[in-house]
Amino acid sequence: AMGGNHTQPKFILLGITDTPWAQAPLFGLFLLIYIVTLAGNVGLMVLVWVAPSLHTPMYFFLAHFSLADVCYSTVISPRMLTDLLFGNKTISWAGCVTQFHLFALFVTAECHLLAAMAYDRHVAICHPLLYVTVASPRACWQLVAWSYLVASLSALVYTGCTFGGSFCGPRRVDHFFCDAIPVLRLACSDTRGSEAAIFALAAANGLGTGAVILLSYGRVLHAVLGMRSAPSRARAFRTCASHLASVSLFYGTLFFMYLQPASRHGSRDKVASVFYTVVSPMLNPFIYSLRNKEVKAALGKCRRRILNHC
């Protein structure tokens, strides 16, 4: 059995705030964000599925990215909402392990999917003649499969390192979900090895995918600045800018959380965590799709089709 978990198999999540008057407004805010997240991402997935004009590699990756957004906000938000509403802060050992494992899996998958999306844009804009062969349906499926394979293996390592030690005393997790850093603080065995392994793997995943994204968009921007027509230059520039804004928010808060020494972590962690667990999944469908002519056109077609059937 994992160390000492048979004596007191529960953790207590301290939550976002212990201020009683703040809990109802926060519940309302986070419920609204979660509903918008589900509506935006599920809506985008359905649209990509039903609109033939969106059956392209870019939207294929976007649909998988939206799926990952739905999954990991569902791993975090409903639990956080019930805690805010009912104040029931206890979570079972298995619940804590499962929540962290799924969270780690989907966040890591998102990093690799973002890299695939950036690479896709790079090939489309810098090597348009090669695009059909490079971004074949088979290649796209392989990239998605690779993202989830790496994420699954990484999540196993993260979870093993986080929960492999022995825990004693009050298991009060100073966070709104079971995350590696606040859980490791509660271990009574030496966690330096675990922390080093998590840090190294998080750095490899984060910096590796981050490098692919920066290089891809760097090449794209270089190609864009060399375009002759001002409107197409502006359009490509806008697309890149909005993607980079989303990437910066996601990676900035992730790096802040996982690439700093454990001793530096404090109350600001919860604020940073809210950004990549709650805010980022809500914004992504809007950033990646609503400014696109293709998505707007597909939405218009669907609306007309529905109205004609009514």
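Residues numbered from 1 in each chain as written. Predicted model: local features only at pLDDT ≥ 70, side-chain atom pairs only at ≥ 80, totals over all residues. Heavy atoms only, no water.

What about the overall build of the protein?
Check the secondary structure of the protein and you find 10 helices and three strands. Listed by position from the N terminus, the elements making up the protein come as β-α-α-β-α-α-α-β-α-α-α-α-α. Burial status across the protein gives 48% buried among its 310 residues. Considering only contacts within the protein whose residues lie at least 6 apart along the sequence, 78% involve residues at least 24 apart. For the protein, the accessible surface area stands at approximately 15000 Å², while carbon and sulfur atoms represent 70% of it. (Helix = DSSP H or I, 4+ residues; strand = E, 2+ residues; numbered from the N terminus. Buried < 20%, exposed > 50% of the residue type's maximum accessible area, 1.4 Å probe, protein only. Contact = heavy atoms within 4.5 Å. Areas by Shrake-Rupley, 256 points an atom, 1.4 Å probe, with all protein chains shown as cover.)

Quick word on the side chain of Thr 159
As for its placement among the helices and strands, Thr 159 is situated in helix α5 (residues 137-163). Engagement of the side chain of Thr 159 in a polar contact is seen with the backbone oxygen of Ala 155, the distance being 2.7 Å. With sequence-adjacent residues up to four places away left out, Thr 159 is seen in contact with Val 97, Phe 100, His 101 and Gly 164. (Polar contact = N/O pair within 3.5 Å; in protein donor to acceptor, adjacent residues only side chain to side chain.)

Regarding the UniProt feature "transmembrane region" (unreviewed entry) in the protein
Following the UniProt record, the feature "transmembrane region" (unreviewed entry) maps to residues 26-51, 58-80, 100-119, 139-158, 196-215, 236-259 and 271-290 here. Regarding residues 58-80, the helix share stands at 100% and the strand share at 0%, and the terminal C-alpha atoms are separated by 33 Å. (UniProt positions renumbered as here; feature names shortened; annotations may be inferred.)

Details of the packing of helix α3 (residues 93-126) against α5
Interaxial distance between α3 and α5 falls to 8 Å at its minimum, and their mutual angle equals 145°. Judged by the twist between their axes, the crossing of α3 over α5 is right-handed. (Axes fitted to C-alpha atoms, helices over the stretch in contact; angles between N-to-C directions. Left-handed = near helix turned anticlockwise from the far one by under 90°.)

Quick word on the state of the cysteines
Summed over the entire model, instances satisfying the criterion amount to one disulfide. The partner cysteine of Cys 96 in its disulfide is Cys 178, sulfur to sulfur 1.9 Å. On the sign convention where negative is left-handed, the bridge of Cys 96 and Cys 178, at about -110° about the S-S bond, is left-handed. Of the two residues, Cys 96 sits in helix α3 while Cys 178 sits in the loop between β3 (172-173) and α6 (180-184), which places them 82 residues apart along the sequence. Cys 178 sits in the buried class, given a relative accessible area of 0%. Free of any disulfide, Cys 111 has its nearest cysteine sulfur in Cys 71, 15 Å distant. A residue is classified by how much of its surface remains accessible, and Cys 111, at 5% relative accessible area, is buried. In this structure Cys 161 is a free cysteine whose sulfur lies 16 Å from that of Cys 96, the closest cysteine sulfur available. According to the relative accessible area criterion, Cys 161 is buried, its value standing at 16%. (Disulfide = S-S within 2.5 Å.)

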